[in-house]
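Tertiary structure, described
Residue strings, one per chain:
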Amino acid sequence: MLSWPALGAFMAVGLAPLAVMFVRLQEDPRAIAALMDERTLGLLGRTTLLGCGAALVALVIGLPFGFLVARTNVPGAAALRTLGVVPILVPPIMLAMTWTMVLDARGPLMCALILGFATFPLVSLFTSRAAERIDTRREEAARLIGGLPAVLSLNLQLVLPAALGGALLSFIVAINDFALPDYVSAVGRKFNVYAGEVFSTWQVDGKEARAVATALPLVALTLLAITPLLMLRRRDQLTTIDGDFEAPGRIQLGRWRSVATTFCVLVVAVAAILPIGRLAYEAGGGPRVFSGISIRRVAWLQGGGAAANAPAPTGSPAGGQDLSKAAREATVEKSQNAALLSAGLEPRAQPPAQVAPSAMRNRAVDLAAPEVAAAIAAREGDDVSDAGGGIPVFVGNLRAAFARAFELSRESLASSLLIALLTASICLPLALVLGHAVRRSRRGALLQVASLLPLVVPATLFGIGTIVLWNREFSARFYDSQGLVVLLFVGRFLGIAVLIVSGAIASYSVRLEESARLAGAGPIGRLFMVVAPGIWPTLVGTWIAIFALSIRELDAAVLVPAANDTAMFRVFNAVHFGRDDFVSALALLVIFSILLPGALWSLFFRARLRFLP
Amino acid sequence: MSRQPLSPSPSRLIPLLLTCTALAGCGREPDLVVRVSLDQIFSEELIREFEAQTGLDVKAQYDIEQTKTVGHVRAIIEEARTRPRTDVFWNNEIAQTIRLAELGLLQPYESPAAADVPATFKDPSALWVGFGARARVLIVNTDLVAAGQEPSGTLDLFDERWRGKCGIARPLTGTTLTHATALYQTMGEEWTAGFMNELVEANGKGQVQILESNGQAMKLVENGELSWAFTDTDDFNVARMDGSPVQRVYPDQVVAKGCLQRDGEPLGTLLIPNSIMLLADAPHPENAKRFIDWVLSKELEERLANSRSAQIPVRRDVPRPAHVGKIGDFRAMGVDYVTLGRTIGERTEALKEIFLR
Amino acid sequence: MIDQQQNVPAISCANLSVTAGPVTLIRDISLDVAQGEHVLLVGPSGSGKTTLLRAIAGLVVPAAGEVSLFGRIASVPGRTPVPPEDRGTQMMFQGGALWPHLSVAGTLEFVLKRRTSLDSKARGSRIGELLELVDLEGFETRRAPSLSGGEAQRLALARALAAEPRILLLDEPLGPLDAPRRQALLDRLLDLGGRFDLTVLHVTHDPSEASRIATRTISIREGGRLAASD
C-alpha cells in the first residue's frame, strides 16, 4: 500500500521529534499537575479570551469582506480579494509594529484587534469559497421571496459555518502568539498570555519535563478548536456545492455598493497596504526625508532645547505637564518652528502666526555654529540621508536601501527560496498520499489530527526535538546542512498540506478512482494520474501555501544550525540594530518573496488557486 | 481544466527531491563551529574577517533578539547530550554562560589575550572570559525632560512626576532578567520581591510601563511616548546615532531620593559583559583557541566600542570614542557573576510568579 | 405588487430577447398567457425554456423586448422596473433549489416572515396548512437534503405557494420523479392551480405527461424562437 512509506516519512520527520520530547515527561510525574495552579489557569483563561476576541474581530471583518469580494459588484473585487490575503502572510508582529506607529491605542483590546486583522483572511478565504458555491437557483428562490435582503440573509446562513471554521483557525493563531501581546501591551497595564509562560519555562533548565508539560494546555486548547472544524468538514458543512451545480452571478448592490466598496478598501488599506506602505516609507528614510528632522533638532537645541522651551509646569515639577501625544507634538512643533524662524529657516507646516514667540526666550540661533552649518549644508548638498529633500531623495534612499538589503541578504534570500521550494515540493506528494488516506481510510480523522501535531506544539519544542533526533554521528553532515531545515519544515507544515489536499479529495468522486482501478491502474497510477490531475488547482495552491509558510518560519528554525541563513532570520536579526531603512527594505524583500509564487500564478494563469482546507 | 499538472510520475519525483535536499547542504566539514549571540549585524563581519585572516572555514550560528540567547543555550545543552558540535560560544551576556559552566559543558582555557582582563570579568578556573560590556542605563528623551530634571535611579520608576511616562522591560528574559537577578543578590531577597511586586502594582495603576524588550524601550523613548526607560547602552547608542533627542543616565550613582543604596552607598550601574568560552568536547579545540584569542584581543574590544553597539571595554587602556563610558568613571554595581548565573534559574521562577499573572 | 386587472393577460412577452455575452439565449419571443391558464412550454434542452421563465420572474434582464404582468410593464431592455420580489411570481426551480441548511418548517418560516405580517403563532399554523396541502405533515424538522425527490419537489411547491403568488413558474417540476409520483404531483398542481386562481407557466421536455392538466402547449425551438402554439 502506498500510504505506508508516506506515513513512515511523516513519523520520522513529524512525530519522532515530538516523541523524543514527550518521553521526558516521565522524568517528573508531577510536571502536569504543577500546571494546574491558579496563576497558570488565569493565564490560560485570558489567552482563551484573547483568542475569542481575535476570532470575533476576524469574523466581523472577514465574513463581509470575503462575501463582498467574491460575490458582489464591488469595483476591483479581484484585486481587493488578492490584497486581502496579504495580512496572513505578513508576520503579525510586523503588523503590530506598523500599527502602533500610527495609532496610540494599546492594551488587550488592541491585541485582539491586531490579531483579528492579521488573521481575517482565514475567515474571508473560507467565506469566499462557500459563497461561490451557493447554487444560483437557491439564491433566486430567495430573491423571488424577499429581494436582496432575503438573498443576503440566506447567503449569510449558508456561509456562516465556513466563516466560523475560519474563525477557529484565527483563534488558534491568536492563542499561540506571545510576542504580539507583549509588544502591544507595553504601554498601559501589562497583558500576559500563556504562550509567554511556555517561553520563559524553556529558559530554566533542570526542569525539562516541566517545559515540555507547559506545552500541553496550549496543544489541548488548539486541538479543541480544531475538532469542530474537522467535524464541520466531515459533514461537508464548509461546502454547499452539490451535483448539478450552477455557479451564482455577482450580486448587484445598488446604492449600497459605495458603502461596501469603502468597507473593503478600508480593510485592505489597514491590514495590507498600511504595513507594507509604512515599511516602504521607512525604507526610503521617510521620517527623516519628510520632516528634515536634523535641521529642526539643531535649531531646537540652539534655542535651548527642552529646558528653555518646555511649557510652564502645571502642578508638579516636570512630569505634571500634559504629555498626551498631541499636546507633546504640538509643543515640540511650536518650539522648533520658533527655533527655525530665528535661525532664518523656513518653519515647518504651521503658519508663523501660531508660533508663540515667548517659547524661544529671546535666544538667537547661532547660524555659524558648526552643527547648524552642517545641518544646513546637509539639506543643500548631496548628503541628504539625514534631512529633508522630499520625493526625489526618498526615491534615492529607497533604491539605496533596497540595493543594500539585497546585497547583504542575497545569499540568505537564495537559501530561503531554495529551502521553501524543496519543502513545498516534498510536502506535496506526501500530502497527496496522506490526504487521500485521511479521506478514504477508516482512521482518517486520527491521521489528520496527528499530522497537525507538529504545527500546534510550541515551535521551540519541535525544534529541539529535531536537534535531539538528528544530531548524531551518522547524520552529522546532514545536521549541519540545509537539508535539516527542509526536514524540519516538512515535519512542521505537512499537516497543513494534508488538511488542504484532503479537503479537495473529499470533493473528488470515488467512482472516478474505481473506474481507473477497473481499467487496471495501480494505487500510484490512480493517485498521481487520476486524482492529482483532478484536483490540480488545489495542489498548486498547497504548494504555494507551504512555500509561503516556509519562508515565514522563524521560531523553530532559529534553533537549528543551518537555518540561520534564511532571509526571515536576517530580518529579525537586523530589527534590533539595523538602521530602520535597511530593516524595512529587507522585510519588504522577504514579504515579496513570500508573495512571489502566488503573484506569478495570478499573472500568468487564469485559474484560481485553491488553498483552503 | 485544460492544463495538466506538472508531476508526471511520483516514483521518479520523490527520490529526485530527496537527493536535492541531501545535496542542498552536504558541504565539507567546517574547521570551527561557533555560536554567537552578539547580533549578527556586527558579528558576521568579524567572523568573515577571521576566516580571511586564518583561512579557516568557520560555521557560525547567530541568534535573534526574540529568543534572547535561550535558544543557543538550549541547543548547546541538547547537542552536548547527543553529539558535541559547537567549539566556541560567544555570548553577549554572562548568566547563561555560568549555567553552561555549572552543567560541566565548558573546558578551561587560559587565553594569553585575556591576561590583562580584570579578574572580576574572568572565571577563577578559566572556564570563561568577559569582555566588551553593556551597562543597564536610563535612556531619557531630552525633548521631554529638561536638563537637570532627569531621573537618577531605579526608584524614580515610582515617582509621581513620571506617572505613565517611564518604563522597564518585563524581567523574564534578556538583560532585564539578569538585572532583576542582580537586584536579588545585591538588595536581598525580601526587598527585591517587594520591589518587583510593587512594580506590577504600579503598572496596574498606570505609573510604570512594562515593556516587551530593551529595543522597544529605546523606541518608545526615542519617539516621545515615554520620557525615560531602562535599556542597555547598545540600544541607547542606536537611538543616539539615529539623531534622536536622547541622553544616557547611569542610574543609582549618588545617594539621593530616586537611587538605590546599599550600606549607605549608592548601588551603582549593572554591567553585563560579553563572554566567550571553549566548550567541553569541542571537536576543533585548537582552532577554537585561536578564535578565542582573536576575539579577546584589545583591537577587537576597541572595534566593539566603536561599533553601533558601543560596548564598554573592560580593560581601561582600550581606546574608545567619547560616547562610550569608562568603567570607573561611573560606579558599577558590585555583582558576583558566578552566583548570578547560578541563581538566575530559580529567580526566573519567582519572577514568573510575579510578572506572569 | 402587480395589481390584477380583468381581461388583460397575466403574462405578456413582446419581442423578448435575452443574451449572455455573445450568446443569444432567447430571441424575439412574443407570448401571452391569460389569467388562470396553465400553459405547457416544451422544447429541446438548451432551447431557452428556463431563460424565458427567469426573464418573466425578473431574474434576468432582457436585451430587447418587454415583459408585462397583468398589464403592467415589468421588464424593459436593460432593466426591470418591477423587481423580482414584487411581481407576484414564484418559481419552482429545476432540482428544487431547496436551502440545504434549513428544516422543512424553517424553509417555510423563511418565506412567511418576509411575505406576511403573521405573528409567530399564526405562522406556525400557516406552515401546518401548507404542509398539509402538499402532504408533508410530520416532516417539519427534517432538513432539505434528507428528503426524497418527491418530497423535495413538494416542499419546493409549498415554498412557492407560501409566498401567495399569482403566477407560478414551474421548471421541470416532474424531473426527478417516477411515474406514479408524477401523476400525484400533477393532480395536486391541478387542484391547487384552481383553488388559488393561479396562472401557471410550466416548462417540461415531455409534453405528453402533463398535457392533461394544461390549457395549451407552446413549443420553443433551439435558438430560442417560438415555433408553434396550439
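Here the structure is a predicted model, which means the values were calculated and not measured. (Residues numbered from 1 in each chain as written. Chains lettered and ligands numbered in written order. Predicted model: local features only at pLDDT ≥ 70, side-chain atom pairs only at ≥ 80, totals over all residues.)

Side note on the overall build of chain C
For clarity, the cut-off: Put simply, DSSP marks the helices as runs of H or I at least four residues long and the strands as runs of E at least two long, and each gets a number from the N terminus on. The globule rule used here is 2.2 Å times the number of residues to the 0.38 power, and the radius of gyration it is set against is calculated over C-alpha atoms. Using C-beta atoms placed from the backbone, we call a residue buried if 20 or more other C-beta atoms fall within 10 Å of its own, exposed if 12 or fewer do, and partly exposed for counts in between. Whether two residues are in contact depends on their C-beta atoms, placed from the backbone: they are in contact if these lie within 7 Å.
The number of helices and strands found in chain C is six helices and 10 strands. Relative to a compact globule of 230 residues, whose C-alpha radius of gyration would be 17 Å, chain C shows 17 Å and is just as compact. Considering only C-alpha atoms, chain C reaches an extent of 45 × 40 × 35 Å along its principal axes. Taking all 230 residues of chain C together, 45% fall into the buried category. Here the contacts in chain C between residues at least 6 apart in sequence split such that 69% fall between residues at least 24 apart.

Considerations on the overall build of chain A
Of the regular secondary structure elements, chain A holds 26 helices and zero strands. Looking at the 613 residues of chain A, the share that counts as buried comes to 58%. Taking as baseline every contact in chain A between residues at least 6 positions apart, the subset at least 24 positions apart corresponds to 81%.

A closer look at the sheet that holds strand β2 (residues 23–33) of chain C
Residue and element names in this part refer to chain C. The following threshold applies: Strand pairing is assigned whenever DSSP detects at least two bridges linking the two strands. Convention adopted: a line fitted to C-alpha atoms gives each axis, helices being fitted over their contacting stretch, and angles between N-to-C directions are expressed from 0 to 180 degrees.
If you trace the four strands from one edge of the open sheet to the other, you get β2-β1-β4-β5, paired in antiparallel fashion. Unpaired on one side and paired on the other, β2 and β5 (72–75) mark the two borders of the sheet. The sheet shows a mean angle of 35 degrees between the axes of neighbouring strands, direction not considered. Where strand β4 (residues 64–69) lies against β5, three bridges are found, and the strand directions are antiparallel. Counterpart to Leu69 in the pairing with β5 is Arg72.

Observations concerning the interface of chain A and chain C
Reports often express the size of an interface as the amount of accessible area lost when the parts come together. Stated formally: Residues are sorted three ways: Asp, Glu, Lys and Arg are charged, Ala, Val, Leu, Ile, Met, Phe, Trp, Tyr, Cys and Pro are nonpolar, and all the rest, Gly among them, are polar.
Contact with chain A, which involves 16 residues of that partner, is made by 19 residues of chain C. Of the residues in the side of chain A that touches chain C, the class split is six nonpolar, four polar and six charged.

Focus: helix α5 (residues 174–187) of chain B
Residues and elements named next belong to chain B. Definition in use: Helix span is expected to be 1.5 Å times the residue number reduced by one.
With 14 residues, α5 ought to run about 20 Å at 1.5 Å a step, and its terminal C-alpha atoms sit 20 Å apart, in line with that. For α5, a buried count of 12 out of 14 residues is recorded, marking the element as mostly surrounded by other parts of the structure. For α5, the set of buried residues is Gly174, Thr175, Thr176, Leu177, Thr178, His179, Ala180, Thr181, Ala182, Leu183, Tyr184 and Gln185. Just downstream of α5 lies Gly188, where phi reads positive at about 95 degrees.

Concerning the packing of helix α6 (residues 108–132) of chain A against helix α7 (residues 136–175) of chain A
Residues and elements named next belong to chain A. Counted only if it meets this: Rotating anticlockwise by less than a right angle from the far helix to the near helix defines a left-handed crossing, while the corresponding clockwise rotation defines a right-handed one.
At their nearest, the axes of α6 and α7 sit 8 Å apart, and the two run at 145 degrees to each other. In this structure, α6 meets α7 at a crossing whose hand is right-handed. Listed contacts from α7 to Leu115, Gly116, Thr119, Leu122, Val123, Leu125, Phe126, Thr127, Arg129, Ala130 and Ala131 of α6 are Asn155, Leu158, Val159, Ala162, Ala163, Gly165, Gly166, Ala167, Leu169, Ser170, Val173 and Ala174. Grouping the amino acids of the contact of α6 with α7 by side-chain chemistry returns 15 nonpolar, seven polar and one charged.

Quick word on the pairing of β2 of chain C
One face of the sheet, then the other: side chains in a regular strand alternate in exactly this way. Residues and elements named next belong to chain C. Strand direction decides the pairing type here: strand β1 (residues 11–20) and β2, joined by seven bridges, are antiparallel. Bridging from a neighbouring strand, Val18 pairs with Ile26 of β2. Between β1 and the antiparallel strand that follows it, β2, lie two residues; Gly21 among them carries a positive phi value of about 60 degrees.

Quick look at the confidence of the model for chain C
Regions with low pLDDT carry predicted coordinates that are not meant to be interpreted in detail. As a reminder, the rule being used: Every residue carries a pLDDT, the predictor's confidence in it, which falls somewhere between 0 and 100.
For chain C, the mean per-residue pLDDT works out to 86, and 93% of the residues sit at or above 70. If you check the scores for this complex, the pTM reads 0.80 and the ipTM reads 0.84.

Some remarks on the packing of α7 of chain A against helix α2 (residues 104–115) of chain C
Working note: a packed helix pair is described by the angle between its axes plus the distance between those axes. The condition that has to hold: Our angle categories are set so that under 35 degrees counts as roughly parallel, over 145 as roughly antiparallel, 65 to 115 as roughly perpendicular, and the remainder as oblique.
Packing of α7 of chain A against α2 of chain C leaves a shortest axis separation of 9 Å and a crossing angle of 90 degrees. Classified by the angle their axes make, α7 of chain A and α2 of chain C are roughly perpendicular. Together, Ile145, Gly146 and Ala150 of chain A of α7 of chain A and Val111, Arg114 and Arg115 of chain C of α2 of chain C make up the contact between the two elements. Taken together, the residues of the contact of α7 of chain A with α2 of chain C sort by class into three nonpolar, one polar and two charged.

Examining the nonpolar core
For clarity, the cut-off: The term nonpolar core means buried Ala, Val, Leu, Ile, Met, Phe, Trp, Tyr and Cys residues held together as one set by C-beta atoms within 7 Å.
With 350 residues, the main nonpolar core has Ile114, Cys427 and Ala497 of chain A together with Ile139 and Ala229 of chain B as its most contacted residues. The element best represented in this core is helix α17 (residues 390–440) of chain A, accounting for 21 residues. Excluding residues within four positions of it along the chain, Ile114 of chain A makes contact with Pro92, Leu95, Ala96, Trp99, Leu180 and Val184 of chain A.

A closer look at the environment of Gln153 of chain C
Residue and element names in this part refer to chain C. In this structure, Gln153 sits in helix α4 (residues 149–162). Once the C-alpha coordinates of Gln153 and Leu177 are considered, the two residues, 24 residues apart in sequence, prove to be 8.8 Å apart. Contacts of Gln153, omitting those with residues within four sequence positions, involve Gly96, Pro173, Leu177 and Leu185.

Quick word on the environment of Leu596 of chain A
Residue and element names in this part refer to chain A. The residue Leu596 is located in helix α26 (residues 580–604) in this model. Judged by the 16 C-beta atoms lying within 10 Å of it, Leu596 falls in the partly exposed class. The sequence separation of Leu596 and Gly277 amounts to 319 residues, and the corresponding C-alpha distance is 18 Å.

Thoughts on the environment of Ala31 of chain A
All names here are of chain A. Tracing the backbone shows Ala31 in the loop between α1 (3–22) and α2 (38–71). Each C-alpha atom of the pair Ala31 and Leu432 lies 38 Å from the other, and the pair is 401 residues apart in sequence. Once residues within four sequence positions are removed from consideration, Ala31 is found in contact with Leu25, Ala209, Arg210 and Ala213.

Considerations on unusual backbone geometry
Residues apart from glycine generally show negative phi values, whereas peptide bonds are mostly found in trans. All names here are of chain C. Even without being glycine, Ala97 reaches a positive phi, approximately 50 degrees. Mapping Ala97 onto the fold places it in the loop between β6 (89–92) and α2. Judged by the 23 C-beta atoms lying within 10 Å of it, Ala97 is buried. A positive phi angle, close to 50 degrees, is found at Glu164, a residue other than glycine. Mapped onto the elements of the fold, Glu164 is located in the loop between α4 and β7 (167–171).

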